[in-house]
Amino acid sequence: MKRVISTLLITISVLMAFSMTAFAAPLQPVSSVNIIEKGVWDKNFGSPALDSMNGRVYFAVRTMGHGSAVATYDNVKTKEFWHDVITNYAGTPIGFDRYYDCGPVTTGKHTFRIKTTSYGSPYNTIERSGTFTY
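Residues numbered from 1 in each chain as written. Predicted model: local features only at pLDDT ≥ 70, side-chain atom pairs only at ≥ 80, totals over all residues. Heavy atoms only, no water.

## Quick notes on the pattern of salt bridges
Stage number 1. Per the stated rule, a full pass over the model turns up three salt bridges.
Stage number 2. Residue D101 pairs with R56 through a salt bridge whose shortest N-O separation is 3.0 Å. Pair noted here: D101 is in strand β6 (residues 93-104) and R56 is in strand β2 (residues 56-64), with a separation of 45 residues, a long-range link.
Stage number 3. The buried category is assigned to D101, whose relative accessible area is 19%. (Salt bridge = Lys/Arg side-chain N within 4 Å of Asp/Glu carboxyl O. Helix = DSSP H or I, 4+ residues; strand = E, 2+ residues; numbered from the N terminus. Buried < 20%, exposed > 50% of the residue type's maximum accessible area, 1.4 Å probe, protein only.)

## Examining the side chain of R98
Stage number 1. Along the chain, the position of R98 falls in strand β6.
Stage number 2. R98 sits in the buried class, given a relative accessible area of 16%.
Stage number 3. In this structure the side chain of R98 is engaged in a polar contact, spanning 2.9 Å, whose partner is the side chain of E80. (Polar contact = N/O pair within 3.5 Å; in protein donor to acceptor, adjacent residues only side chain to side chain.)

## What to know about the sheet that holds β6
Stage number 1. A sheet is described by the order of its strands in space; here four strands give the open sequence β1-β2-β6-β5, paired in antiparallel fashion. At either margin of the open sheet sits one strand with a lone partner, and together these are β1 (32-40) and β5 (79-87). The mean inter-strand angle of the sheet, taken between neighbouring strand axes irrespective of direction, is 20 degrees.
Stage number 2. Note that β2 and β6 share eight bridges and pair antiparallel. Paired with A60 across the two strands is Y99, which belongs to β6. (Pairing = 2+ DSSP bridges. Axes fitted to C-alpha atoms, helices over the stretch in contact; angles between N-to-C directions.)

Structural data, given as structure tokens:
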């Protein structure tokens with residue numbers, strides 16, 4: 001009897017493991033990408049951990065859905081230095097606010113571009129651009 005119950009419990013455990021992975025929700029494709037903020041980073045914005053960003057140009061981009069992004073500032077690739085996760089009522093990530101370091105402030109008109117491609121089908125790509133003048 002112990003052997004039957006043990007075998008039954010193992011079988012149920014294996015079936016549950018497969019059913020959870022087989023029916024997991026796929027990542028949502030990117031549905032929108034928008035520049036929501038730009039400026040010069042100031043120490044009053046937040047954490048001391050980001051004080052190294054003081055005096056540097058940044059762009060904030062809101063992406064709904066999941067994908068990979070490539071951002072440039074004056075045709076030079078930029079790095080994300082911070083992000084906030086946007087969740088739905090159940091706590092599932094549905095988007096991100098990403099902050100990009102565009103370098104020290106320089107005089108003139110500068111162009112920021114971002115190109116985001118969905119991780120999953122239909123692998124759509126959304127591009128946006130904005131300018132910063134100092």
